[in-house]
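# Residue-level structural notes
Letter by letter, the chains look like this.
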Amino acid sequence: MSPVCIITALPAESRVFIDALKLRHVPLRGLRLYAAEPYLLLQTGLGKLNAAAATAALLTTRPDVSAVINAGIAGGTASQGSVNLAHHVLDVATGRQWYPHLPPQRTVAQLSTHSIHSVDKPARDYTDGVLFDMEAAGIFTAASNYLSTDAIHAVKVVSDNPDQELEAITPELVTQLMQACLPVVQQLGDWHRAAVQQDADDSGLEQCNQDIVATVRHSVSDAHQLRRLLQQYHTLTGSMPDAPMLQQLNNARRIRETLQQAVQAAPLRYDS
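With that settled, the discussion passes to the confidence of the model for the protein. When pLDDT is averaged across the protein, the result is 89; 93% of the residues are at 70 or more. In the model, residues 268-272 has pLDDT below 50 throughout and makes four contacts with residues more than four positions away in sequence or in other chains.

Encoded structure:
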């Protein structure tokens, strides 16, 4: 299974995920990387340059990574401890912008979304609807060379605001605040893996359909019925039928009857 990589900047941000997901350090070109199926965790160090360099190195070395989720603290006007998803990321220094493709609201329990402005040093000019961080733009810069916008996300928990001073942030507080990010990151990971699996399933179904139609003549009506039966078969069994065997029947009606019998014979299962 292609892993989802959680990307953090600081040890205090990483600790929650390492403990909860039982991640273990793995050596890889000097990167601070942890792993346990189906996750990786990359700790980049502070700032956009470190974040971009580490992310690029990881995705070059591990092309099997299917998505990245940047998780960390940020400043804003929202209440301390509130978790937010990025719908927009801006590199303040360069003006470069990204617009992540967000999952359905039901996936993340209608989580609030903010614009994330990545800055080169901590900011205090808090603005409604904006969160300040120092890594997201670096991660998006590197990851967008390898992944599509639906596979790059940023989840930020508010650490400081006009009522809680930046200077009051401690490693212990960061780790405490990051607890709220854990379920959101897991929900995003689950959503992404389901989408990847659906793409793989659709690809397998389409290939099976094309293989059969390419060798056995089907009318338009026959082809629609074939696709529907293939979908039913896959839904019930979790696999695709033996296309070469069906091709040997050399008749659209016989293929349809064989699939109908297989669908009727398949046991109906309920996943707990």
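Back to the text.
A few words now on the pairing of strand E5 (residues 67-76). Of all ten residues that make up E5, ten are buried, and the element is covered over most of its length. Sheet topology places strand E1 (residues 4-8) next to E5; four bridges connect them, and they run parallel. Bridging from a neighbouring strand, isoleucine 7 pairs with asparagine 70 of E5. With two bridges connecting them, E5 and strand E9 (residues 130-133) associate as antiparallel partners. Bridge assignment links glycine 76 to a residue of E9, and that residue is leucine 131.

Bringing helix H8 (residues 252-265) into the picture now. When the terminal C-alpha atoms of H8 are compared, their 20 Å separation across 14 residues agrees well with the 20 Å that a helix rising 1.5 Å per residue should span. Buried residues of H8: Ala252, Ile255, Arg256, Leu259 and Val263, and no others. Burial along H8 is one-sided: seen end-on, the buried residues are contained in an arc of 95°. Those residues of H8 that are exposed and aimed more than 90 degrees away from the buried face are Gln261, Gln264 and Ala265. Its side-chain oxygen placed 2.9 Å from the backbone nitrogen of arginine 253, asparagine 251 serves as the N-cap of H8.

Calculation criteria
Residues numbered from 1 in each chain as written. Predicted model: local features only at pLDDT ≥ 70, side-chain atom pairs only at ≥ 80, totals over all residues. Heavy atoms only, no water. pLDDT = per-residue confidence, 0-100. Contact = heavy atoms within 4.5 Å. Buried < 20%, exposed > 50% of the residue type's maximum accessible area, 1.4 Å probe, protein only. Helix = DSSP H or I, 4+ residues; strand = E, 2+ residues; numbered from the N terminus. Pairing = 2+ DSSP bridges. Expected span 1.5 Å × (residues − 1). Arc of directions from axis to C-beta. Polar contact = N/O pair within 3.5 Å; in protein donor to acceptor, adjacent residues only side chain to side chain.

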